[in-house]
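Take a look at the letters that make up each chain.
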Amino acid sequence: MIRVGLTGNIGSGKSTVAQIFSVLGAPVYHADYESKKFLTDSQIKDEVRNIFGECVFDNDEIDRKALADVVFNDESRLKQLNRILHPLVKEDYLRWCDEHRQYTYTIQEAAILIESGFYRWMDYVIVVTAPREIRTKRIMQRDSATRKQVESRMQRQFTEKELKKYAHFVIDNGGKELVIPQVLEIHRKLADING
Ligand code: ATP
């Protein structure tokens, strides 16, 4: 089974592209979603409490918004959180891959596939791109966010130029190219590689 990583900057359309792969029959592992489920584990909650304190808790549950506010404004705090979560996600992902080993290929969608080093576990990397202004407008609309909020989230990501250095495939989702044919072409290539 070929392990394919799918990434791109905020608003590039990763989830949209992942959905197309899913319709084509490829299992998709959503790393961001899966990593959040560990935040309800009692051992993880204890570790988070020890490092970040009660301010990121609401009663006995981690307040994700409060935690996000802390880590997104402090690189070293983000690293500390990642040190807890990344090994768990990696283990969970590899177990998931094993469960899906009968498939030709699977997709892992992750916002920080490159930044986290997770790309090293992938056979191929797909990067979804779109001009910054289009990405900004999409997210402002999707999340009812201000331009400032979106731009602050963008600041912490690699630029598209950097992401593309790691890409075996690039999908242009800037609105000028049709997306489905681009996905189909990659789908066929991946099937050929395995064949
Ligand atoms: P995030 O990193 O925030 O999860 P993402 O890269 O997964 O973002 P999506 O959620 O897939 O991006 O897309 C962002 C928004 O833009 C969504 O509301 C989606 O419906 C819309 N969108 C994606 N691709 C296109 C497109 N080609 N044309 C118009 N709207 C699009």
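The structure presented is a predicted model; accordingly, all values stated were derived computationally and were not measured. (Residues numbered from 1 in each chain as written. Predicted model: local features only at pLDDT ≥ 70, side-chain atom pairs only at ≥ 80, totals over all residues. Heavy atoms only, no water.)

Colleague: Outline the site of the ligand, supporting the account with residue identities and numerical values.
Modeller: Taken together, 13 residues form the shell around the ligand, and within it Lys 14, Ser 15, Thr 16, Arg 142 and Asn 173 come nearest. In the environment of the ligand, an oxygen atom lies 3.4 Å from a nitrogen or oxygen atom belonging to the backbone of Ser 12. The protein chains hide 66% of the 630 Å² of surface that the ligand would expose on its own. At the level of elements, α1 (14–23) and α6 (132–143) are the ones that each hand at least two residues to the shell around the ligand. For the shell around the ligand, the class distribution of residues is 2 nonpolar, 7 polar and 4 charged. (Near = heavy atom within 4 Å. Polar contact = N/O pair within 3.5 Å; in protein donor to acceptor, adjacent residues only side chain to side chain. Areas by Shrake-Rupley, 256 points an atom, 1.4 Å probe, with all protein chains shown as cover. Helix = DSSP H or I, 4+ residues; strand = E, 2+ residues; numbered from the N terminus. Nonpolar A, V, L, I, M, F, W, Y, C, P; charged D, E, K, R; others polar.)

Colleague: An account of the sheet that holds strand β1 (residues 2–8) is needed here, citing residue identities and associated values.
Modeller: Sheet strands pair via backbone hydrogen bonds, and the direction of the pair is either parallel or antiparallel. The strand order β2-β5-β1-β6-β7 describes an open sheet built from 5 strands, whose pairing is parallel. Only two strands of the sheet have a single neighbouring strand rather than two, namely β2 (28–30) and β7 (169–172). With strand direction ignored, the average angle separating the axes of adjacent strands in the sheet is 25 degrees. Sheet analysis places strand β6 (residues 124–129) next to β7, joined by 4 bridges and oriented parallel. Within β7, the position partnered with Ile 126 by the bridge is Phe 169. Most of the contacts of helix α5 (residues 75–99) go to β2, to which it runs at about 165 degrees, and overall it touches β1, β2 and β5 (105–109). (Pairing = 2+ DSSP bridges. Axes fitted to C-alpha atoms, helices over the stretch in contact; angles between N-to-C directions. Contact = heavy atoms within 4.5 Å.)

Colleague: Can you break down α1 residue by residue, with the values?
Modeller: All of the buried residues along α1 are Lys 14, Val 17, Ala 18, Ile 20 and Phe 21. One side of α1 carries all its buried residues, which in axial view fall inside an arc of 155 degrees. Facing away from the buried side of α1 by over 90 degrees, the exposed positions are Thr 16 and Val 23. The positive-phi residue at the C-terminal boundary of α1 is Gly 25, with phi of around 105 degrees. (Buried < 20%, exposed > 50% of the residue type's maximum accessible area, 1.4 Å probe, protein only. Arc of directions from axis to C-beta.)

Colleague: Run through the pattern of salt bridges, naming residues and quoting values.
Modeller: Counted under the stated rule, the structure contains 18 salt bridges. For Lys 45, the salt bridge goes to Asp 60, with nearest N and O atoms at 3.6 Å. Of this pair, Lys 45 sits in helix α3 (residues 42–52) while Asp 60 sits in the loop between β3 (57–58) and β4 (61–62), and the two are 15 residues apart along the sequence. Classification of Asp 60 by relative accessible area gives partly exposed; the value is 44%. Between Glu 133 and Arg 147 there is a salt bridge, with the nearest N and O atoms lying 2.8 Å from each other. Highlighted residues: Glu 133 in helix α6 and Arg 147 in helix α7 (residues 147–155), separated in sequence by 14 residues. Via salt bridges that share partners, Lys 45, Asp 46, Arg 49, Glu 54, Asp 60 and Glu 61 belong to a single interconnected network. (Salt bridge = Lys/Arg side-chain N within 4 Å of Asp/Glu carboxyl O.)

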